[in-house]
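# Summary of the model geometry
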Amino acid sequence: MECELVPSVCSYCGTGCGVLFEVIDKELAGTLPMKTHPVNEGKLCIKGWNLHEHINSPLRLKQPLVRSFGRFLKTGWDEAIAIAARRFREIIDQYGPESVGVLVSAKITNEENYLAMKLARAVLGTNSVDHCARL
Amino acid sequence: MKARVRRWLEEGTVDVFIGYRQVDGHPLPYCFTRENLDALDGLINSPARYALEKIATHLASRQPDLKIGILSLDTNRRALNVLGIWNQINPENITTVDADDAASGVATPDDMRTFEPVVPGPYKQQVGIDNAMSPADAEAFDQSERFSRWMYEFEKCIKCYGCRNICPVCFCRECSLEHRDLIGTGPLPPDVPIFHLVRAVHMAGRCIDCGLCEEACPADISLRLLYRKVNQILDNVFEYQTGSDPGQPPFSLLGNQVTLEPKPLDADK
Amino acid sequence: MTNSIAEIEDAGCIFIIGSNTTACHPLIARRVYRAKEKGAKLIVADPRRIQLSRFADVAVQHRLGSDVALLNGMMHLIIANGWQAADYIQERTEDYAELEKTVREYTPEKVAAITGVSVDDIQHMAEIYATNSPAALLYAMGITQHTTGVDNVKSCCNLAMLCGNVGVAGGGVNPLRGQNNVQGACDMGGLPNVYSGYQLVNDIKSNEKFAKAWGRPLPDKPGLPVTAMIPAMLEGKLKALYVIGENPKLSDPDRNHLNHALEKLDFLLVQDIFLSETAQAADVVLAACSMAEKEGTFTNTERRCMRIRKAIDPLADTLPDWQILCRLSSALGYEMNYADPEAIFNEMAALTPSYAGMTYARLGLDGLQWPCPNADHPGTPYLHRHQFARGKGKFHAIGFLEPAELPDDEFPYFLTTGRMFAHFHTGTMTRISPNLNVEQTTGYVEIHPDDALAEEIRDGDMLTIASRRGEMEAPARITPTVRPGTLFLPMHFGENPTNILTSAEALDPIAKIPEFKVSAVKIRKFSEQMGKIPEETGAADPVEADAAAGSR
Ligand code: SF4
Ligand code: SF4
Ligand code: SF4
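Thresholds, definitions, all that
Residues numbered from 1 in each chain as written. Chains lettered and ligands numbered in written order. Predicted model: local features only at pLDDT ≥ 70, side-chain atom pairs only at ≥ 80, totals over all residues. Heavy atoms only, no water. Near = heavy atom within 4 Å. Nonpolar A, V, L, I, M, F, W, Y, C, P; charged D, E, K, R; others polar. Phe/Tyr/Trp six-rings, centres within 6.5 Å; stacked < 30°, edge-to-face > 60°. Helix = DSSP H or I, 4+ residues; strand = E, 2+ residues; numbered from the N terminus. Buried < 20%, exposed > 50% of the residue type's maximum accessible area, 1.4 Å probe, protein only. Contact = heavy atoms within 4.5 Å. Buried area = accessible area lost by both parts, 1.4 Å probe. Salt bridge = Lys/Arg side-chain N within 4 Å of Asp/Glu carboxyl O. Pairing = 2+ DSSP bridges. Polar contact = N/O pair within 3.5 Å; in protein donor to acceptor, adjacent residues only side chain to side chain. Axes fitted to C-alpha atoms, helices over the stretch in contact; angles between N-to-C directions. Parallel < 35°, antiparallel > 145°, perpendicular 65-115°, else oblique. Left-handed = near helix turned anticlockwise from the far one by under 90°.

### Description of the site of ligand 2
Lining the immediate surroundings of ligand 2 are Cys167(B), Pro168(B), Val169(B), Arg199(B), Met203(B), Cys207(B), Ile208(B), Asp209(B), Cys210(B), Gly211(B), Cys213(B) and Tyr227(B). When its residues are assigned to classes, the shell around ligand 2 shows nine nonpolar, one polar and two charged.

### Thoughts on the packing of aromatic side chains
Applying the stated rule across the entire model yields 19 aromatic pairs over all chains. Seen from their ring centres, Phe15(C) and Tyr129(C) are 6.1 Å apart, and the 70° between their planes marks the pair as edge-to-face. With Phe15(C) in strand S1 (residues 13–17) and Tyr129(C) in helix H7 (residues 119–131), this residue pair connects regions lying 114 residues apart in the sequence. Comparing Phe15(C) with Tyr129(C) shows no difference in burial state: the two are buried. With centroids separated by 5.4 Å and ring planes inclined at 80°, the aromatic side chains of Tyr33(C) and Phe55(C) adopt a geometry described as edge-to-face. Of the two residues, Tyr33(C) sits in helix H2 (residues 26–38) while Phe55(C) sits in the loop between strand S2 (41–45) and strand S3 (58–60), which places them 22 residues apart along the sequence. Of the two residues examined, Tyr33(C) and Phe55(C), each falls in the buried class. Taken together through their ring pairs, the aromatic side chains of Tyr114(A), Tyr195(C), Phe210(C) and Trp214(C) make up a single cluster.

### Remarks on the interface of chain A and chain C
Each side of the interface is counted separately: chain A has 96 residues, and chain C has 153 residues. Between chain A and chain C, a total of about 10800 Å² is buried, with carbon and sulfur atoms accounting for 65% of that surface. Across the contact surface, chain A and chain C share seven salt bridges. Between Lys118(A) and Glu347(C) there is a salt bridge whose closest N-O contact spans 2.8 Å. Take the side of chain A that touches chain C: its biggest share by element is 14 residues, from helix H4 (residues 110–124) of chain A. Across four bridges, strand S6 (residues 100–104) of chain A lies against strand S7 (residues 240–244) of chain C in parallel orientation. Each residue of the ladder has a partner; that of Val102(A), found in S7(C), is Tyr242(C).

### Things to note about unusual backbone geometry
Residues and elements named next belong to chain C. Across the junction of Ser-133 and Pro-134, the peptide omega takes the value -10°, indicating a cis bond. Note on placement: Pro-134 falls in the loop between H7 and strand S5 (135–139). For the bond from Trp-370 to Pro-371, the omega torsion is 0°, close enough to zero to count as cis. Locating Pro-371 in the fold gives a position in the loop between strand S12 (368–369) and strand S13 (393–394). Despite not being glycine, Ala-316 has its phi angle at roughly 40°, a positive value. In this structure, Ala-316 sits in the loop between strand S11 (304–308) and helix H15 (321–331).

### Some thoughts on the pattern of salt bridges
Taken as a whole and judged by the stated rule, the model has 50 salt bridges over all chains. Ionic pairing is found between Asp78(A) and Arg327(C), a salt bridge with its closest N-O pair at 2.7 Å. Placement of Asp78(A) in helix H3 (residues 77–95) and of Arg327(C) in helix H15 is noted, with the two residues assigned to different chains. Taking the relative accessible area as the measure of exposure, Asp78(A) reaches 61% and is therefore exposed.

### Digging into the interface of chain C and chain B
Facing 25 residues of chain C, the contacting portion of chain B comprises 27 residues. Here chain C is connected to chain B by seven salt bridges. For Arg309(C), the salt bridge identified is with Asp24(B), shortest N-O distance 3.1 Å. At the surface where chain C touches chain B, the tally comes to 13 residue pairs in polar contact (both at pLDDT 80 or more). Those elements that provide at least two residues to the side of chain C that touches chain B are helix H1 (21–24) and H2 of chain C. The element contributing the most residues to the side of chain C that touches chain B is H2(C), with seven residues. Across the side of chain C that touches chain B, the residue classes tally to eight nonpolar, six polar and eleven charged.

### What about the packing of H4(A) against H15(C)?
The interhelical angle for the contact between H4(A) and H15(C), taken along N-to-C directions, is 15°, at an axis separation of 9 Å. As far as their axial angle goes, H15(C) and H4(A) are roughly parallel. Remark: the crossing between H4(A) and H15(C) carries left-handed chirality. Residues Glu112(A), Leu115(A), Ala116(A), Leu119(A) and Val123(A) of H4(A) form the contact with H15(C), whose own contacting residues are Asp321(C), Trp322(C), Leu325(C), Cys326(C), Leu328(C) and Ser329(C).

### Comments concerning the site of ligand 1
Close to ligand 1 lie Cys10(A), Tyr12(A), Cys13(A), Thr15(A), Gly16(A), Cys17(A), Leu44(A), Cys45(A), Lys47(A), Gly48(A), Pro26(C) and Leu27(C), which account for all nearby residues. Those residues lying near ligand 1 are distributed over chains A and C. Put simply, the parts of the chain that give the shell around ligand 1 at least two residues each are helix H1 (46–49) of chain A together with H2 of chain C. Of the residues in the shell around ligand 1, the class split is eight nonpolar, three polar and one charged.

### Here we look at the sheet that holds strand S4 (residues 65–68) of chain A
The mixed open sheet is built from seven strands, whose spatial order is S5(A)-S4(A)-S9(C)-S8(C)-S7(C)-S6(A)-S7(A). Each of the sheet's edge strands pairs with one partner strand only, and the pair in question is strand S5 (71–74) and strand S7 (129–131) of chain A. Recorded for the sheet is a direction-independent mean angle of 20° between the axes of neighbouring strands. Bridging between S7(C) and strand S8 (residues 267–272) of chain C involves five bridges; their strand directions are parallel. By the bridge assignment, Val243(C) is partnered in S8(C) with Val270(C). Each of S4 and S6 of chain A together with S7, S8 and strand S9 (284–287) of chain C is contacted by H3(A), which is oriented at about 140° to S8(C), the strand it contacts most.

### Structural notes on the packing of helix H3 (residues 67–80) of chain C against helix H6 (residues 108–115) of chain C
Residues and elements named next belong to chain C. Relative orientation of the contacting elements H3 and H6 amounts to 160°, with a least axis distance of 9 Å. With respect to their mutual orientation, H3 and H6 come out roughly antiparallel. Like other packed secondary-structure pairs, H3 and H6 cross with a definite hand, here left-handed. On H6, the residues that touch Ala-69, Leu-70, Gly-73, His-76 and Leu-77 of H3 are Pro-108, Val-111, Ile-114 and Thr-115. Taken together, the residues of the contact of H3 with H6 break down into six nonpolar, three polar and no charged.

As structure tokens, then:
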């Protein structure tokens, strides 16, 4: 039996409370507040205490999907990425880079936001990058 | 002491030892196992308390015969007594090491972040229930003042359920706090004072006065005092001191397991 | 936030406007409780009577959209009584004279007429705010989601500077960010006009710097903000959209409008951990793993950049967002190879002055607050300490403007939208979390008892709520927390999509933020529910990939 308490940060609101994920035999068994964290000092709200639940949800996507005749088909990464790249390329070739927009996210990490904006600007060639945070 | 834990792990006296280690200056709970014996060099005592015995119950529920060692304070041991009485763990599988024992050789590093309990401010002292108050002092207010002071505290509640979630002796599969007919859902604060009183009643014979609930309460509600009061009644009426003895029968105010005879009400007056 | 969360505990006064803090930022609300118990004064201004109103020294429910008038009214009285911080204004600010001239017109009587707040209360608010320093001002979407959102924010800044509260510990102007990494998304350049660290895309120096670092020429005109992307889609100018971890179908204003726009796209690529409403409309869905399955950093509302750590392996055939981005980029002919998120962080920090002094090792478990310009810098708990970033703090003279839509004979009710404590944003994460979902399984609409009586509505009756843009149903919850004439709808419930009612056209002219907080609506009874809140409608049903026959 293995058990680990892995420090992380709550991904609900912008307060950014320190949590510990209780991992038992490679499964997320629970969430605890980090007692000595400068933001929350050992306390959490109802969302933070249940942070593991949405991660353990049976509704999680498990593999990429592509639409074919109105229905989603499960697919592998190579195909999904190839289709996405081909469609972006075709649209940019035909209508120019300004015909592409990217919505980044308040839910992904800084590193990922940085890469997404780099991809939009350096690779797709568009400055139409935004996020839905004001919504 | 580290050598002793090491030997236990090597010999199979325990399969896992739950203590603390330091990560980036913070004390965090850690499970030491046979596979990572060298990690034991980092075993420390923590100035910030976690309910290590609750982690133990999570492990035991998955593997009932698991032998678990726990770095324990007095409160951890009382909680373990209650958990044993209620069949949440098998006491035979639990070995404790006294964290307070200076001879244990498990140190608290000085360069480590610690947990500061709340210092009740003057306004709270004026209108609420000071966390440091004794049950007798809280009792001394006249009835309407007592009521309004407690209501002030309860109205701060943000319904995080932290008091329940952190509690080492809260293990019910179905919690009355989530019973829709008992406590409404929707707005904040939750139904006052029912939410808090339901929990208080349920802590009778369970609460071992560790104070973790109060440390986890974002609203600094004087929860410990509330439950202490309930248990004081138990002590006065039934001479039942929760968690004091592993051989105690379980106490249930509402169920059918009350095996204790109440003593006469005027016994200690 | 200009200041830190912990500092709130030591404020002399806390003024909360447009933030239901105990529900939306509970662990910031706890600092407010502590401050109050240590002796701070508390002022709450919110169109609803919120939990914190119970603890306030003054709590007012000003009319929806009247924030500027209320703030100007407070400033009028502060100046009239000479409570302003004269030395601070003299040394550290400019354009005070114009502010003074504008707020002079906002007499208490006039402000009372606009806001519905009594002259006495306005007087009280002004006096308490001005005479208990340091005063911390906290606000959230209740201030920003208006056509006058930027005006509202500037008015908050005016008030804070007027009393010398910016650049001091325990004071400040503190927007509470709704989502965990909004601050980070903005810091990282997730905006149409800036790179990371708010370096402008149309500034030659920054453009060259990034073009050089990335080895590609870069477009130098600002792009479209999300609110302009929708019309561009409708006009056929925007053909492809890549949506990462967002669910604009529920969060964008005027959902009918947006559905239509998404249908017009040639290609919609969505990357998420759930098959959200938006993902259901996609051509390709990229399955990302959760935050517990990867490494990285988040930046919270007090600018604290903190690490998240991998706790478990990615589920099934999912990948961390950063790896997906790398693969997509490489497939597009631009190789992206990073060993781990730390390598990305280091590249970003080298290009971003406010993060330049940060490394994973330095972040530890506490994180660091930007600006942190070099390896020895301890981070910055509060901004503008000795001087404002731009030199002098600028006052903006701002007049009150009515919201874009006001109730009239046809649409007699004010409608405002918001959140409840157990749910989050569009509900994609919380409604599938059993412990959170039990707290509130359906949407609802809050209505004042007086209005309920007049309309013969009982608690739980199903109401149809209609605006100029569309209509939706929700069960009534009768409560005195809203003002008579005002309705409140939470935004979390896909089967009761509030944004059918709100307007995508009413935008703040500068920030392009939609006016979610004010619309005009009418109601009628849809069905009687015998005073019972109906059970779950099942609209958030699991959509298994194969079963999800798409209708785009
Ligand atoms: S625990 Fe609650 S207050 Fe803290 S970050 Fe998560 S959602 Fe926000
Ligand atoms: S003090 Fe609180 S946490 Fe500890 S046993 Fe009692 S109720 Fe549980
Ligand atoms: S911990 Fe405090 S705030 Fe949370 S539910 Fe319990 S009493 Fe309420």
